[in-house]
Amino acid sequence: QQQVKQSPQSLIVQKGGISIINCAYENTAFDYFPWYQQFPGKGPALLIAIRPDVSEKKEGRFTISFNKSAKQFSLHIMDSQPGDSATYFCAASTSGTASKLTFGTGTRLQVTL
Amino acid sequence: ETGVTQSPTHLIKTRGQQVTLRCSSQSGHNTVSWYQQALGQGPQFIFQYYREEENGRGNFPPRFSGLQFPNYSSELNVNALELDDSALYLCASSWGATDTQYFGPGTRLTVL
């Protein structure tokens, strides 16, 4: 059962453009939503994360938008750069002693010149 | 501050064999989680260790087992390897069983 659905599977954006990746979740107990960036041959690296008490969080060029009623959240990358080309994963978890991350299937982003 | 390290980087085994993967947690972290990432997929949670005890397990069979040592490093053991076990195995560490997990580079396991 896929509890976190991610789209699109792949994305091509021109340099300077906005990259938008969307995720939807099913488990209403989820209360932590991180985004991870993964380069080939590397482990995922935490990019930015949000909790459902806020609707938006911005860190530099990266913004998470969160819609609790729709059970959706998205990552926006402003002024996309070729160095942003990577695979992005959304994830979700519940707080507690056995928190575990449930990941989406990933979005492969390519930023062209 | 030392990040999460994993060994070996790559490993090739044959079906039916056993394998042990190792992880050193980030300095100051006492919790280690293991994930399996099949090619083109997101990581799947295997289990978590907190203060040397298993603290949550995903939908993986008992032939996946682990250990955490007093220095908080960890091992993932897989018995009776199957072809579908071929994947990148990721270790993540955190302080306590909190949500912010930091991943190592992974071990690429190939089962022939």
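Parameters at a glance
Residues numbered from 1 in each chain as written. Chains lettered and ligands numbered in written order. Predicted model: local features only at pLDDT ≥ 70, side-chain atom pairs only at ≥ 80, totals over all residues. Heavy atoms only, no water. Salt bridge = Lys/Arg side-chain N within 4 Å of Asp/Glu carboxyl O. Helix = DSSP H or I, 4+ residues; strand = E, 2+ residues; numbered from the N terminus. Buried < 20%, exposed > 50% of the residue type's maximum accessible area, 1.4 Å probe, protein only. Pairing = 2+ DSSP bridges. Axes fitted to C-alpha atoms, helices over the stretch in contact; angles between N-to-C directions.

Draft legend 1. Region of the structure containing the pattern of salt bridges. All names here are of chain B. All told, the structure shown has 6 salt bridges over all chains when counted by the stated rule. A salt bridge links Asp85 to Arg63; the shortest N-O distance between them is 2.8 Å. Highlighted residues: Asp85 in the loop between strand S8 (74–78) and strand S9 (87–94) and Arg63 in the loop between strand S6 (53–57) and strand S7 (64–68), separated in sequence by 22 residues. There is no split in this pair, since Asp85 and Arg63 are both buried. Through salt bridges with shared partners, a single ionic network connects Arg63, Glu82 and Asp85.

Draft legend 2. How the structure looks around the sheet that holds S8(B). Residues and elements named next belong to chain B. Spatial strand order, S1-S3-S8-S7: 4 strands in an open sheet with antiparallel pairing. A strand with exactly one partner marks an edge of an open sheet, and here the two such strands are strand S1 (5–7) and S7. Across the sheet, the axes of successive neighbouring strands diverge by a mean angle of 20°, strand direction being ignored. Across 3 bridges, the pairing between S1 and strand S3 (residues 19–24) is antiparallel. Its bridge partner lying in S3, Ser7 is registered against Arg22.

Draft legend 3. Structural view of the sheet that holds strand S1 (residues 4–7) of chain A. Residue and element names in this part refer to chain A. Strand order across the open sheet formed by 5 strands is S1-S3-S8-S7-S6, with antiparallel pairing between neighbours. Two strands close off the open sheet at either side, each with one partner strand: S1 and strand S6 (56–59). Ignoring which end each strand starts from, the neighbouring axes of this sheet average 15° apart. Across 6 bridges, the pairing between strand S7 (residues 62–67) and strand S8 (residues 72–77) is antiparallel. Across the sheet, the residue bridging to Phe62 is Ile77, located in S8.

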